Structures are given as structure tokens and as C-alpha cells.
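# Working through the structure, step by step
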Amino acid sequence: MRFLFGLGKAIGWGDMARRALVVFLAAFLLLYGAVILIDPYDTVPFSLPLDRAPSATNQRFSYPAVAMDPQFDSVVVGTSVVRLLKPSELEAALGGRFANLSMNSAMPYEQSQILDLFLRNRDEVKTVIVGIDTVWCETKASPKLTFRPFPPWLYDGNRWNDALHLLNLAAIEDAGRQIGQLTGIREEKYQRNGYANFLPPKSEYDLQKVRKTIYLDGARKILPPETPPADNYASYRTSIDLPDLALLREMMAALPPTTRKIFIGAPVHALAIAPPGSEAEATWNECMSRIARMGAEFGNNYVFDFRFRSDITMNDANYWDLLHYGTDTASRIARLIGEGVAAGAATDPAYRLILP
């Protein structure tokens, strides 16, 4: 059959195909236009003027807009071990207007990109905090990216090309999340400064369950101290290669001399910390020492090390898992950073202020 009858006249297969194509293209353009106008990542310059909050579950998509927001003059970058540092508490301790742009499992390259975007969008930067964990202190170069998608087009500083990248399922899904937040159907995932408490409610905290998670029902134990070699790893520390610190140096060099530079070795649980006297501990200590020496070259820097056995890291009740402390501990860290910066010396045995 070469045609159908409808509405009093014959419609050929060719006409049907053309009409179907027109309908498809119209729906396509309407959907694409809607995503652009909703602007899930808040970067398209001609989108609707909506009061957007970051909404994408992947912080690599949510945080570029926060980094470009001129209201902030201070920033935290790093991995999830510093995501719970609350901007309001850092502001009370250090002054300034903070954004926390730390990302889950962020590689050094990703951290450098979000910091660079932040720097390019303001003339004055008061304080930069970089969370240091083992990703910076490996003896082999870290991968550039993780399995999580990273959108370089959101980091190039050109808002006008961002619309070209919004026609995909992920952007459509994130647009749906943004609509949900704008209409109040969904709770906002992040504050406008990037902060989000990703932990369950405190009412759900179960210390016994946490201990099972940390120690795997006794399968993992905190290792005893080791006996270091006679030279206390002096020759090893001199020869060790820490390739990712070259990128950290570039990040330091990009900061204005007046910017306060703070590096934090975050307090993971003692089980995740190398035993005292071990080669792994020597690697970590050498990494922090080199960061302190590099920082001294650029001035106005502070290196805090919380990553050793202390009343924070040895107390299971401070943690939800091996890597993530609770909000009370995060508040204490923010306070101790402020005290250490003000005093120019360690004010609590829970951390060390590393000198060059």
C-alpha cells in the first residue's frame, strides 16, 4: 500500500516520513532549547535568569559556576577528605569569603584546573587551602583523570561555547535536577558556596557499625610502629621522586604573593595512616617537607599535617569510615587552622605545623 487515507485526502509514505522528521526535529529543538534555558551548570550567558544552586552529582560539572562567582575571595580545593570544611567556619577562623570546591577523588590535574578557573575570575585572592592526601605524594605520577567525566569546556573560561555541550543525556538529567531544585521538589544538593554535608544524619550514626566498616570485623588492625634504618630514611628521602609536586609548584607560582597559602594533610583514620618508622611514613613526611620548602619560596604559606596518630585519628568515634571524619571534627580542624595561622606555630598536639 503506497498511501494512507486520512482527513479526506491521501497521505503518501514520503509525506509521512517528512512529517515524522519535522516532528522529531521540532521535539529535538524544543528539548535542546529547554536544557539551554534551564542551564543546569549555570554557565550559559543567554539562559534564563534563575536563582540556580549547583545540582549535578559530579562536582566537576557543578563547581565551575561557583569558581566563576565573584563573591568569593578564598577557596578550598582537594579531595573528599576536605569537603566537610565549612566555608562559614573557615571565614570565622581566617576571614574572607570562602567557597569549598573540593571534589570526590580529584586528581592533581583536576584540582589545578578548578583553582586556575577560580584565579582567572577575580583580582584579589585572600586565602587558598589545598587539601593534601596521598594523591599528591605518590612516587609515580597520578592519572590525569578518574572514571568520572571531566568537562574541559566548563574550565576554559568561555561561557559562549558551553551551550554546544548540553545536548546529551547527562545534561538533560542534570537539567531535570535543576528544575526539581528550582521548584522545591528536590532539596538543593550543595550550598551556593559549593559546600555539602555528604554524610548521613547524625541520628543514624552507629559506632559499632562504623567499627565494622573500618576494621572489617577484625580483619584489619592498626599496625605497630616499625624500626627505621640507622639513618632514619635520610638517604631514601633524599632520592625519592614525587612527580606530582611539580604541578603543585605551578599552582603555588600562579598565586599572588599576598595570597595566604595553606596546605592541609587531612586526618584520615589511623588505620589508613602509615605506621610510625615505616618507609611509607618517611615518604609522607618527605612530601610534606618538600611542600613546606616550596611554599617558603613563594611566601605567606602554612603547612598543617594532621595525618599521624593523634587524639583525632585514633578515636573511632570521629569517623564514618577510613577516610571521612564527621562534621564536629571538621569544625575543630577549621578552628585549629585559624589558631595555627594566628600563632605561627602548632597550638594543639593534633597537628604539626611543618616548617621549611
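Sequence order as written defines residue numbering, which begins from 1 separately in each chain. The predicted nature of this model means local features are confined to residues of pLDDT at least 70 and side-chain atom pairs, given and counted, to a pLDDT of 80 or more, with totals for whole chains, interfaces and linings taken over all residues. Water and hydrogen atoms play no part in the side-chain values, which are based on all heavy atoms of the structure.

### Side note on the state of the cysteines
What is meant by a disulfide is a covalent connection between two cysteines, made through their sulfur atoms. Only a pair of cysteine sulfur atoms within 2.5 Å qualifies as a disulfide here. Using the criterion set out here, one finds one disulfide in the structure. Note that cysteine 137 is cross-linked by a disulfide to cysteine 287, the S-S spacing being 2.0 Å. Sign of the S-S torsion, about -70° for the bond between cysteine 137 and cysteine 287, identifies this disulfide as left-handed. Here cysteine 287 lies in helix α9 (residues 279-298) and cysteine 137 lies in the loop between β5 (127-132) and α5 (169-183), a separation of 150 residues in the sequence. Burial here depends on accessible area, computed with a 1.4 Å probe over protein chains only, as a share of the maximum for the residue type. Under 20% is buried, over 50% is exposed, and the range in between is partly exposed. A relative accessible area of 0% means that cysteine 287 is categorised as buried. Comment: elements are numbered from the N terminus, with helices defined as DSSP H or I runs of at least four residues and strands as E runs of at least two.

### Side note on the packing of aromatic side chains
Stacked, edge-to-face and tilted labels apply to pairs of Phe, Tyr and Trp rings (six-membered ring for Trp) whose centres lie within 6.5 Å, assigned for plane angles under 30 degrees, over 60, and everything in between, in that order. A full pass over the atoms with the stated rule returns 12 aromatic pairs. Taking the centre distance of 5.3 Å and the plane angle of 45° together, the rings of tyrosine 41 and phenylalanine 61 count as tilted. Taken together, the residues span a long stretch of sequence, with tyrosine 41 in the loop between α1 (13-38) and α2 (59-67) and phenylalanine 61 in helix α2 at a distance of 20 residues. For the pair tyrosine 41 and phenylalanine 61, one class covers both residues: buried. Each ring, one from phenylalanine 61 and one from tryptophan 153, has its centre 6.4 Å from the other, and the planes form 70°; the classification is edge-to-face. With phenylalanine 61 in helix α2 and tryptophan 153 in the loop between β5 and α5, the pair connects residues that are 92 residues apart, well separated along the chain. Classification of phenylalanine 61 as buried rests on a relative accessible area of 14%. Throughout this description, the term charge over a ring refers to an Arg CZ or Lys NZ atom that lies within 6 Å of the ring centre and within 35 degrees of the ring normal. Its guanidinium or amino end placed over the ring of phenylalanine 118, arginine 122 lies 3.8 Å from that ring's centre, counting from NZ or CZ. In this arrangement the basic side chain of lysine 189 is found over the ring face of tyrosine 190, its NZ or CZ atom lying 5.8 Å from the centre.

### Observations regarding unusual backbone geometry
Peptide bonds are trans in most cases, and residues, glycine excluded, mostly fall at negative phi. Within the chain, aspartate 39 stands out as a residue other than glycine whose phi angle is a positive 55°. Summarising the element assignment, aspartate 39 is placed in the loop between α1 and α2. Its identity as a non-glycine residue notwithstanding, asparagine 232 has a phi of 55°, on the positive side. You can see asparagine 232 is positioned in the loop between α6 (207-215) and α7 (234-239).

### Brief notes about the pairing of strand β7 (residues 301-305)
Most of β7 sits inside the fold, with five of its five residues counted as buried. Burial of β7 is two-sided: the residues Asn301, Val303 and Asp305 facing one way and the residues Tyr302 and Phe304 facing the other way are all buried. When DSSP locates at least two bridges between a pair of strands, those strands are taken to pair. Sheet topology places strand β6 (residues 260-265) next to β7; five bridges connect them, and they run parallel. Directly across from isoleucine 262, in β7, lies its bridge partner tyrosine 302.

### With respect to the side chain of glutamine 59
Secondary-structure assignment places glutamine 59 in helix α2. One polar contact links the side chain of glutamine 59 to the main-chain amide nitrogen of asparagine 104, over a distance of 2.9 Å. We call two residues in contact whenever any of their non-hydrogen atoms come within 4.5 Å of each other. Once you skip the residues sitting within four places of it in the chain, glutamine 59 turns out to touch Pro64, Arg83, Ser102, Met103, Asn104 and Tyr190. Here a polar contact is taken to be a pair of N or O atoms separated by no more than 3.5 Å, where protein atoms must pair a possible hydrogen donor with a possible acceptor and residues adjacent in sequence count only if both atoms sit in side chains.

### What about α5?
Given a rise of 1.5 Å per residue, 15 residues ought to cover 21 Å, and the 21 Å separating the end C-alpha atoms of α5 matches this to within 8%. The complete set of buried residues in α5 reads Ala171, Asp174, Ala175, Arg177, Gln178, Gly180 and Gln181. Close packing links the buried residues of α5 with α1. Where α5 starts, the residue carrying a side-chain oxygen 3.2 Å from the main-chain nitrogen of alanine 170 turns out to be asparagine 168. Take the residue count of a helix, subtract one, and multiply by 1.5 Å to get its expected span.

### Regarding the environment of arginine 60
For arginine 60, the location among the structural elements is in helix α2. Taking relative accessible area as the criterion, arginine 60 reaches 0% and is therefore assigned buried. Sequence separation between arginine 60 and phenylalanine 298 is 238 residues; the distance between their C-alpha atoms is 28 Å. Setting aside its immediate chain neighbours within four residues, arginine 60 contacts Met103, Asn104, Ser105, Ala106, Glu110, Thr146, Arg148, Pro149, Phe150, Pro151, Leu154 and Tyr155. Among the polar contacts listed, one links the side chain of arginine 60 to the backbone oxygen of asparagine 104, at a separation of 2.7 Å.

### Here's the deal with the pattern of salt bridges
For this analysis, a salt bridge means a side-chain nitrogen from Lys or Arg found within 4 Å of a carboxyl oxygen belonging to Asp or Glu. Tallying each qualifying case throughout the model produces 19 salt bridges. A salt bridge links glutamate 188 to arginine 192; the shortest N-O distance between them is 2.7 Å. On the basis of relative accessibility, which here comes to 40%, the residue glutamate 188 falls in the partly exposed class. Across the salt bridge formed by glutamate 286 and arginine 293, the nearest N and O atoms sit 3.3 Å from each other. Exposure remark for glutamate 286: the relative accessible area of 7% places this residue in the buried category. Owing to a relative accessible area of 40%, arginine 293 belongs among the partly exposed residues under this scheme.

### Description of the confidence of the model for the protein
Taken as a whole, the protein shows an average pLDDT of 94; of its residues, 97% reach a score of 70 or greater. As a per-residue measure, pLDDT tells how confident the predictor is, with possible values from 0 to 100. Note that residues 1-7 has pLDDT below 50 and, in this model, 13 contacts with residues that lie over four places away or in other chains.

### So, the environment of valine 268
If you trace the backbone, valine 268 turns up in the loop between β6 and α9. Given a relative accessible area of 1%, valine 268 falls into the buried group. Sequence spacing of valine 268 and tyrosine 325 is 57 residues, and the spatial spacing of their C-alpha atoms is 7.1 Å. If we ignore the near neighbours within four places in the chain, the residues touching valine 268 are Val81, Ile273, Arg307, Thr313, Tyr319, Leu322 and Leu323.

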